[in-house]
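What follows is each chain in one-letter form.
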Amino acid sequence: LKTNEQKGFKLRKFLHEFPFGLSVKVMASMLRQKIGFAARRFAAPATAAAGVGAGLFAWNAQSQSRCESTKDRVVARGIAAGTAGRCVQCEGDAAANKYETYWPRKIMIVFGAPGAGKGTQGEKIVELLGIPQLSTGDMLREAVSQGTAVGKRAKAVMESGGLVSDDILIAMIEERIQAPDCAQGFILDGMPRTMVQAKAVDEMLAKNGERVSLVMAFDVDPKVLEERICGRWMHKASGRSFHVKFRPPKSMKLDANGEPIPETMKDDETGEPLYQRADDTAEALKKRLDGYNSQTVPILDMYRPRGIVKMIDGGAPMNKVWDDVLSKLKSK
């Protein structure tokens, strides 16, 4: 058996000769072949290891080259010419196992009619994988407030009373997914909504040799949707949602008829007032469902031949829904 000192030397020698300009996937494969014991620890987060141009790469590995427990840490630093390297930290087997379980990088789209639960489950996926859930509304507000190039275009359209066009929405997504928090993947929520938008998203991703890796669709009976929608209350600043039956805020109090008293509906975290959306009514829901079924559902048929569409029974008990989501996340 080789000592950790010998293993560390082997790692340093290989990385000193490491070729540049390769994709992360190829890098990971080579690392596994050369140094099987370290590949899981170093290849997973090495997204910045390959520089845009050729250059000198130095990798200093500590002599303890594998994690002995979840408290141990291996730190490696890399610097590639023309671009800053990243500090790579391995926090034990938990991080390595997550990488192995959910690889490849997730580029997800979540679909579901209003009230299907995609927002609730999306929050859990974000917490599990550490990737952001990107809704068109949030991205639009963020781009406008930050004054980005796309945000300025969108602001001009909205101020003139027009609707933000698909090309602006696509440019906004393309801009947003360049942020560091999207390095390991992201979830698109509320986009695409039409076949035209879906094809535009595919073309945008293809520019970087990427494509949607998972489409998760939540299916719920319309009668259940009506109960969920009509009892929903929202926190405007964060987008957190509550429900008078399934997820009541701690402050909620009921009147003599068993209906929530509006003044008592407050956000659990901030104590700020909650509100009900104007279209969270039975009448508005019917129109929204018609639009969803006619424009959005056909997108699933476009992605089905790729084998990436996973259906979720959103009407099941919440713990069962999450178990189903987990199993579909892990499936390759």
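In this text the structure is predicted, and so the values were computed from the model without any measurement.

Conventions used here
Residues numbered from 1 in each chain as written. Predicted model: local features only at pLDDT ≥ 70, side-chain atom pairs only at ≥ 80, totals over all residues. Heavy atoms only, no water. Helix = DSSP H or I, 4+ residues; strand = E, 2+ residues; numbered from the N terminus. Expected span 1.5 Å × (residues − 1). Bend = angle between axes of the 7 residues up to and from the residue. Buried < 20%, exposed > 50% of the residue type's maximum accessible area, 1.4 Å probe, protein only. Contact = heavy atoms within 4.5 Å. Axes fitted to C-alpha atoms, helices over the stretch in contact; angles between N-to-C directions. Left-handed = near helix turned anticlockwise from the far one by under 90°. Nonpolar A, V, L, I, M, F, W, Y, C, P; charged D, E, K, R; others polar. Pairing = 2+ DSSP bridges. Arc of directions from axis to C-beta. Salt bridge = Lys/Arg side-chain N within 4 Å of Asp/Glu carboxyl O. Parallel < 35°, antiparallel > 145°, perpendicular 65-115°, else oblique. Core = buried A, V, L, I, M, F, W, Y, C linked by side-chain atoms within 4.5 Å. Phe/Tyr/Trp six-rings, centres within 6.5 Å; stacked < 30°, edge-to-face > 60°. Lys NZ or Arg CZ within 6 Å of the ring centre and 35° of its normal.

K.L.:
Can you help me understand helix α11 (residues 282-303) in this one?
P.N.:
Counting along an α-helix, one turn takes 3.6 residues, and residues three or four places apart therefore face a common direction. Taking 1.5 Å of rise per residue, 22 residues should cover 32 Å, and α11 covers 31 Å from first to last C-alpha, within 8% of that figure. At N293, α11 shows its maximal kink, close to 40 degrees. Turning to α11, its buried residues number three or more, namely A284, L285, L289, Y292, T296, I299, L300 and Y303. Taken together, the buried residues of α11 touch β4 (106-112), α9 (195-206), β7 (214-219), α10 (222-230) and β10 (309-313).

K.L.:
Is there a simple way to explain the packing of helix α8 (residues 166-176) against α9 in this structure?
P.N.:
Where α8 meets α9, the axes come as close as 10 Å, and the angle between the chain directions of the two elements is 35 degrees. Crossing of α8 against α9: the hand is right-handed. When α8 is examined against α9, the residues D166, L169, I170, I173 and E174 are found in contact with a partner set consisting of V196, Q197, A200, V201 and M204. Taken together, the residues that form the contact of α8 with α9 break down as seven nonpolar, one polar and two charged.

K.L.:
Is there a simple way to think about the sheet that holds β10 in this case?
P.N.:
Across the sheet, which stays open at both edges, the five strands sit in the order β5-β6-β4-β7-β10 with parallel pairing between neighbours. On the outer flanks of this sheet lie β5 (133-135) and β10, each paired with one strand and no other. Direction aside, neighbouring strands of the sheet carry axes that sit 25 degrees apart on average. Of the strand pairs in this sheet, β7 and β10 are connected by five bridges, and their pairing is parallel. Within β10, the position partnered with M216 by the bridge is K310. Packed onto the sheet, helix α6 (residues 136-146) meets β5 and β6 (185-189) and runs at close to 80 degrees relative to β5. Relative to the sheet, helix α12 (residues 318-330) contacts β4, β7 and β10, its axis offset from that of β10 by approximately 170 degrees.

K.L.:
Would you take a moment to explain α12 for this structure?
P.N.:
In a regular helix each residue adds 1.5 Å, so 13 residues correspond to 18 Å; α12 covers 19 Å between its end C-alpha atoms and thus fits that length. All of the buried residues along α12 are V321, W322, V325, L326, K328 and L329. End-on, the buried residues of α12 take up no more than an arc of 165 degrees, which puts them together on one face.

K.L.:
Can you help me understand the pattern of salt bridges in this one?
P.N.:
Note on pairing: side chains with opposite charge can pair once their charged atoms come close. Scanning the model with the defined rule gives 17 salt bridges in all. The shortest N-O distance in the salt bridge between R240 and D267 comes to 2.8 Å. Taken together, the residues span a long stretch of sequence, with R240 in the loop between β8 (232-234) and β9 (241-243) and D267 in the loop between β9 and α11 at a distance of 27 residues. The burial state of R240 is the same as that of D267; both residues are buried.

K.L.:
Hey, could you run me through the packing of helix α7 (residues 149-159) against α8 in this one?
P.N.:
Pairs of packed helices are described in terms of their axes, by the angle between the two and the distance that separates them. At their nearest, the axes of α7 and α8 sit 9 Å apart, and the two run at 150 degrees to each other. The orientation of α7 relative to α8 falls into the category roughly antiparallel. Between α7 and α8 lies a crossing whose hand is left-handed. Residue-level inspection shows A149, V150, R153, A154 and V157 of α7 in contact with α8, the latter providing D167, I168, A171, M172 and E175.

K.L.:
Would you mind showing me how to read the nonpolar core here?
P.N.:
As a rule of thumb, nonpolar side chains are buried together in soluble globular proteins. Ranked by internal contacts, the top residues of the largest apolar core, which has 56 residues, are I125, V215, M216, Y303 and V325. Among all residues touching V325, those that are not within four sequence positions of it are Q121, I125, M216, F218 and I312. Core analysis: the second largest hydrophobic core is formed by five residues, W233, F242, M252 and L274 among them.

K.L.:
What should I look at first to understand the environment of C230 in this one?
P.N.:
Within the fold, C230 resides in helix α10. Between the alpha carbons of C230 and D279 there is a distance of 9.2 Å; along the sequence they are 49 residues apart. In this structure C230 touches Q276, D280, T281 and A282, once residues within four positions along its chain are discounted.

K.L.:
Can you help me understand the side chain of S241 in this one?
P.N.:
One can find S241 in strand β9. Looking at S241, the relative accessible area reads 17%, which means it is buried. Sequence-distant contacts of S241, that is, excluding residues within four places in its chain, are made with R232, W233, M234 and R247.

K.L.:
Quick question: what am I supposed to make of the environment of V144 here?
P.N.:
Looking at where V144 falls in the secondary structure, it is placed in helix α6. For V144, a relative accessible area of 23% corresponds to the partly exposed category. Sequence separation of V144 and K155 is eleven residues, and the distance between their C-alpha atoms is 6.1 Å. If sequence neighbours within four positions are ignored, V144 has contacts with G151, A154, K155 and M158.

K.L.:
Sorry if this is basic, but what is going on with the packing of aromatic side chains here?
P.N.:
How two aromatic rings sit relative to each other is given by the distance of their centres and the angle of their planes. One pass over the full model with this rule turns up zero aromatic pairs. The ring centre of F242 lies 5.6 Å from the NZ or CZ of R247, which sits over that ring.

The values reported here are purely geometric and, on their own, carry no functional implication.
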